[in-house]
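Architecture at a glance
Chain by chain, the residues:
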Amino acid sequence: MTSSRTLRALSGLRSQASYRKASSDLQLHTFPEQRFAQPMKTLTTLGAAIGAALAHDISFSGGSICDPVPLPFPAEDDMLGKVSLRRRREFAWGRHHAHEVLRKLGFAPVPILSRVDRAPLWPSGVVGSISHSSSDCGAVAGKSNTVLALGLDIEDQEPLGADLLPLVCTSEEIERKEWSSSRFGPKLFFAIKEAVYKSYAPATGEFLDFQDVSVRTNDQSGVFEAEIVNPEKPPSFGSRTINGIYRPFVGGILALAVRFRGA
């Protein structure tokens with residue numbers, strides 16, 4: 001789903017820099033080599049595949065957006081206020097999945113409020129991310145003693161408009177066309193860069209344009225490596241590289257950027 005951050009990014013892109021060539025397997029020691037499971041999973045059943053791909057204790061919950069579920073904490077309801085039914089559905093299901101990932105990690109249920117930029121405020125000891133498309137929603141979380149940053153993006157299967165291609169992708173990415181084997185085409189890179197931004201911004205307080213980031217993918221393993229190529233942007237936890245995974249599901253694509261401690 002095109003967020004307000006996305007709209008700002010599409011209107012203010014900066015120059016790109018060259019990106020170092022990754023190996024065919026991307027050499028991401030954090031993520032074991034895997035091929036996409038068949039048949040394709042729904043978002044609801046994708047949690048086990050995410051955990052297996054990352055080989056770490058990452059909790060995921062997701063599913064379709066339908067009628068709003070009740071918000072269990074008055075503070076969350078008060079914070080949301082009077083909004084459209086669509087926004088209430090998105091928010092309620094996002095918090096539902098956020099509470100579920102906390103439960104899976106062994107944390108007591110607590111209200112999950114929002115920062116000024118609407119990013120969720122996770123309880124102490126937790127790193128997480130929430131995302132939704134027009135029809136699906138999910139949340140991911142890990143314990144901060146092992147996970148430094150997480151960024152989740154969920155997109156529907158509608159293709160990226162041709163007019164947006166040069167705004168989202170760098171010239172090198174367009175020339176390589178690494179998305180050609182994916183049924184999502186260049187929208188795959190859109191999702192990955194959204195996930196990278198969501199893992200990057202909370203720690204740095206910095207905004208990333210799409211062309212501040214260059215992405216390499218391996219469609220056999222569903223692994224990506226992103227590099228912050230704008231030299232004016234600070235590194236993320238001492239590194240300019242952010243790794244992650246992407247997984248198709250029935251109706252859309254999920255991208256997850258992650259930074260582990262010691263990685």
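Further up the page is the structure itself.
Below: a short report on this structure. (Residues numbered from 1 in each chain as written. Predicted model: local features only at pLDDT ≥ 70, side-chain atom pairs only at ≥ 80, totals over all residues. Heavy atoms only, no water.)

**Concerning the pairing of strand E4 (residues 147-156)**
Looking down a regular strand, the side chains alternate between one sheet face and the other. Burial runs high along E4: nine of the 10 residues are buried. One ladder, built from nine bridges, connects E4 with strand E8 (residues 252-260); its direction is antiparallel. Residue Leu-150 lies in a different strand from E8, and its bridge partner there is Val-258. (Buried < 20%, exposed > 50% of the residue type's maximum accessible area, 1.4 Å probe, protein only. Helix = DSSP H or I, 4+ residues; strand = E, 2+ residues; numbered from the N terminus. Pairing = 2+ DSSP bridges.)

**Topic: the pattern of salt bridges**
Close approach of charged atoms lets side chains of opposite charge pair. Counted according to the given criterion, the structure contains 10 salt bridges. Here Arg-86 and Glu-90 are joined by a salt bridge, their closest N and O atoms 3.4 Å apart. A residue pair is termed a helical-turn pair when its members lie 3 or 4 positions apart in one helix, as Arg-86 and Glu-90 do in helix H4 (residues 85-105) at four residues. Between Lys-187 and Asp-156 there is a salt bridge whose closest N-O contact spans 2.8 Å. Of this pair, Lys-187 sits in helix H7 (residues 187-204) while Asp-156 is found in strand E4, placing the two residues 31 residues apart along the sequence. Considered together, Lys-187 and Asp-156 belong to a single accessibility category, that of buried residues. (Salt bridge = Lys/Arg side-chain N within 4 Å of Asp/Glu carboxyl O.)

**Observations regarding the sheet that holds E8**
With antiparallel pairing, five strands are arranged side by side in an open sheet as E4-E8-E7-E6-E5. Taken across any chain shown, the strands that pair with only one partner, and hence form the sheet edges, are E4 and strand E5 (213-218). On average, each strand axis in the sheet is tilted by 25 degrees relative to the strand beside it, whichever way the strands run. Where helix H2 (residues 47-54) meets the sheet, it contacts strand E7 (241-249) and E8, and its direction lies at approximately 35 degrees from that of E8. Running over the sheet, H7 touches E4, E5, strand E6 (223-228), E7 and E8 and is turned about 145 degrees from E4. (Axes fitted to C-alpha atoms, helices over the stretch in contact; angles between N-to-C directions. Contact = heavy atoms within 4.5 Å.)

**Comments concerning the sheet that holds strand E1 (residues 59-64)**
With antiparallel pairing, the three strands of this open sheet are ordered in space as E1-E3-E2. Every interior strand has two partners, whereas the edge strands, E1 and strand E2 (126-132), have only one. Going across the sheet, the axis of each strand differs from the next one's by a mean of 10 degrees, ignoring polarity. Against the sheet, H4 contacts E1, E2 and strand E3 (136-143), and its axis sits at roughly 30 degrees relative to E3.

**Describing the side chain of Arg-259**
Looking at the secondary structure, you find Arg-259 in strand E8. Although Arg-259 is buried, it forms no salt bridge, and the closest oppositely charged side chain is Glu-225 at an N-O distance of 9.1 Å. Here the side chain of Arg-259 touches Ser-236 through a polar contact of 3.1 Å, landing on its backbone oxygen. Once residues within four sequence positions are removed from consideration, Arg-259 is found in contact with Val-147, Leu-148, Ala-149, Ser-236, Phe-237, Ser-239, Thr-241 and Ile-242. (Lys, Arg positive; Asp, Glu negative; His and termini not counted. Polar contact = N/O pair within 3.5 Å; in protein donor to acceptor, adjacent residues only side chain to side chain.)

**Regarding the environment of Ser-180**
Here Ser-180 shows up in the loop between helix H6 (171-176) and H7. For Ser-180 and Asp-219, which are 39 residues apart along the polypeptide, the C-alpha to C-alpha distance reads 9.5 Å.

**Describing the packing of aromatic side chains**
Tallied over the full model, the rule gives three aromatic pairs. Look at Trp-179 and Phe-189: their rings are 5.3 Å apart centre to centre, the planes differ by 80 degrees, and that puts the pair in the edge-to-face class. In this pair, Trp-179 is assigned in the loop between H6 and H7 and Phe-189 in helix H7, connecting sequence segments 10 residues apart. Here the aromatic rings of Phe-190 and Phe-210 are separated by 5.5 Å at their centres, their planes lie at 25 degrees, and the arrangement is stacked. Of this pair, Phe-190 sits in helix H7 while Phe-210 sits in the loop between H7 and E5, and the two are 20 residues apart along the sequence. For the pair Phe-190 and Phe-210, one class covers both residues: buried. (Phe/Tyr/Trp six-rings, centres within 6.5 Å; stacked < 30°, edge-to-face > 60°.)

**Quick notes on the nonpolar core**
The nonpolar side chains of soluble globular proteins are, as a tendency, buried together. Membership of the largest hydrophobic core comes to 27 residues, with the highest contact counts inside it found for Ile-192, Val-196, Leu-208, Val-215, Phe-224 and Tyr-246. For this core, the elements supplying multiple residues, two or more each, are H7, E5, E6, E7 and E8. Counting 20 residues, the second largest nonpolar core, distinct from the first, contains Leu-43, Val-147, Ile-154 and Leu-256. (Core = buried A, V, L, I, M, F, W, Y, C linked by side-chain atoms within 4.5 Å.)

**Describing H7**
Taking 1.5 Å per residue, 18 residues should reach 26 Å; H7 reaches 26 Å between its end C-alpha atoms and fits that length. Counting buried positions along H7 yields 14 of 18 residues, so the element is predominantly enclosed. Downstream of H7 by a residue or two, Gly-205 has a phi angle that is positive, lying close to 70 degrees. (Expected span 1.5 Å × (residues − 1).)

None of the figures reported here should be taken as evidence of function without further support.
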